[in-house]
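Report on the structure
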Amino acid sequence: MKRFSTLLRVTTLATLLGTALTLATAAQQAAKVDPKIVDAYIKGTWKSPPEGWQVRIDQDETQRVCSAYRNDPPTAEFEKIRARELATVVFPADGTVLGDWKAGERVAQTGVGGQFSDAPGTVAGGNCYACHQMAKAELSYGTLGPSLLEYGKIRKFDAAESKQAYAKIFNAQSVQPCSNMPRFGYHKFLTEQQMKDVTAYLMSPDSPVNK
Amino acid sequence: MLDHVRQGTRLGWTICVSVTLTVMLLQIGTAVAQSADTSEKEIERYRAMISDPFSNPGYLNVDRGELLWKQAAGTKKVSLETCDLGIGPGKLEGASAAMPRHFADAGRVMDLEQRLLWCMENIQGADTKDVIKRRFSGPGVSSDMEDLVAFISNKSSGLKISLRNDHPKEQEMLAVGEAMFFRRSSISDFSCATCHAEEGKRIRLQGLPNLSKPGKQAQETMGSWPTYRVSQSQLRTMQHRLWDCYRQMRMPAPDYASDGITALTLYLNTQAAGAEINVPSIKR
């Protein structure tokens, strides 16, 4: 009788464990929801976007992969993204990546552009200060990205580093796949001149970033 | 008449508070120049000072919301007082603390705003077109939805956010909400997680809560909506907050009271489980 009761208890415990395991599996499955279901929700949330805006809702391959891996893709995917994004980078035809650092500072300070609340024709800014420290005197900077204080000075104002900085602004993921930074050139969010100006703001010895 | 006197008194308070706020904000402006830490503390101090029913203008919305809740309207000329927000017809205490939730009568998971629209249409026989048009208040335009949400959410003040999430549709919403939180898109490549997945980060000087994991930051955020936005001089709901996030993410405006926004809200409220609700709060 006593043995039977022990057996019963063991069975009950096993059932409970089994249920717990099933629940845990269910939770994991819930986290990996069928992308088709997510797409249906997305479609239902943006039923009739303004003309030309559907492309903002749909993900490109890089956005899709980075989202699926929560910005930490396995090596093979990482390399695929880097190669794909690197192929999109277009350097200025005149061969120089350095523009006017003063204009670059305005781009770095400006946070408007591309929002549905912006008036048509609004000149977009890079909003660099939202995420990065840049010039020492500007205290209102964000911390989502690394500090860029003395960016050019640290790199000895090297021409190859300037080119690399331009490439990073054009397409951050050509350097760091799944980087949080917007791909400013790839999306045509900033113009070539604006990207040159920001590069100068980072790399020019006269720029307050390097003072 | 008495109502008018009462409203007049409240308005007097609001004007008085507005002047005080302006002076305080100027003082805070000076503090911001000193350091981010100091400004955070100053904002916290100022928030504490004005966060009471007699100085938070959001309580005007609470009062208006109560009138709207009790007012007969629609083709059926009845009030919303028999609307079931999940815990029984007309029961308000704790209702919003357990939302979004699945409603068997509608066969859908709904947030508070979706449910109110459903009750207006199904109980009052009302045309919600105008209410939806005025979903977000602005200069000279009041919002019935903001007022109703303020009134109903205030009935859960002091209680804790607690979602059941035991219906398959609620679980689907939770999973979709999480996927949407991490979904990168648009010309900025942003997702919600770009700004809200790490501790101690900020945009310019504005601190960012980490909403990617359950705990204190998610609790403090979700427990304080709806809120009175000093910078906009309006009460704002979670629908508006997420609409504004997508604006900053350079996405098109999400449809009001759409299922994607409800999925995100359900996910965020799940992260915020156990949060003490204190609404309407007051924010910058």
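What you are looking at is a predicted structure, and each value in this text was computed from that prediction instead of being measured. Numbering of residues starts from 1 in each chain and follows the order in which that chain's sequence is written. To label them, take the chains in the order written and letter them from A, then take the ligands in the order written and number them from 1. Reporting of local features is limited, given that this is a predicted model, to residues whose pLDDT is at least 70; pairs of side-chain atoms are given and counted only at 80 or more, and all residues count toward the totals for whole chains, interfaces and linings. Based on all heavy atoms of the structure, the side-chain values leave hydrogens and waters out of the count.

Regarding the nonpolar core
Formed by 38 residues in total, the largest nonpolar core has its most connected members in M180, F181 and Y246 of chain B. For this core, the secondary structure elements donating two or more residues are α2 (35-45) of chain A together with α7 (168-181), α8 (192-196), α9 (216-222), α10 (238-248) and α11 (259-271) of chain B. With six residues, the single largest contributor to this core is α11 of chain B. When checking whether two residues touch, look at their non-hydrogen atoms; a contact exists if any pair is within 4.5 Å. Non-local contacts of M180 of chain B, meaning those with residues more than four positions away in its chain, are made with V38, I42 and W46 of chain A together with C192, Y246, G260 and L264 of chain B. We define a nonpolar core as any set of buried Ala, Val, Leu, Ile, Met, Phe, Trp, Tyr and Cys residues linked to one another through side-chain atoms lying within 4.5 Å. Burial classification: accessible surface area is computed with a 1.4 Å probe over protein chains only, and a residue below 20% of its type maximum counts as buried, one above 50% as exposed, and the rest as partly exposed. Per the convention used, a helix needs a DSSP run of H or I reaching at least four residues, while a strand needs a run of E reaching at least two, with both numbered from the N terminus.

What to know about the packing of aromatic side chains
Stacked, edge-to-face and tilted labels apply to pairs of Phe, Tyr and Trp rings (six-membered ring for Trp) whose centres lie within 6.5 Å, assigned for plane angles under 30 degrees, over 60, and everything in between, in that order. For the coordinates displayed, the defined rule picks out 10 aromatic pairs over all chains. Between the aromatic rings of F91 of chain A and Y166 of chain A, the centroid separation amounts to 5.9 Å while the plane-to-plane angle is 35°, which identifies the pairing as tilted. One end of the pair, F91 of chain A, is in the loop between α5 (75-86) and α6 (101-109); the other, Y166 of chain A, is in helix α8 (residues 159-170), and 75 residues separate them in sequence. Judged by relative accessible area, F91 of chain A falls into the partly exposed class, the value being 32%. Judged by its relative accessible area of 0%, Y166 of chain A is buried. Ring geometry for F181 of chain B against F182 of chain B: centres 5.2 Å apart, planes inclined by 75°, an arrangement best described as edge-to-face. One exposure class covers both F181 of chain B and F182 of chain B, and it is buried. Each member of the aromatic cluster is reached from another via a ring pair, and the members are F116 of chain A together with F136, W243 and Y256 of chain B. A cation over a ring is seen here: R70 of chain A above F182 of chain B, with NZ or CZ 3.8 Å from the ring centre. Whether a charge lies above a ring is judged from NZ of Lys or CZ of Arg, which has to be within 6 Å of the ring centre and within 35 degrees of the ring normal. Stacked on the ring of Y141 of chain A, the Lys or Arg R202 of chain B has its end atom at 4.8 Å from the ring centre.

Observations regarding unusual backbone geometry
It is generally the case that most residues other than glycine have a negative phi and that most peptide bonds are trans. All names here are of chain B. Residue W225 is joined to P226 through a cis peptide bond whose omega torsion reads 5°. On the secondary structure map, P226 appears in the loop between α9 and β5 (227-229). Of note, the amide linkage connecting V279 to P280 takes the cis form, showing an omega dihedral of -5°. Positionally, P280 belongs in the loop between α11 and β7 (281-283). With phi around 55°, N165 is a residue other than glycine that occupies positive phi space. Checked against the element boundaries, N165 lands in the loop between α6 (144-154) and α7.

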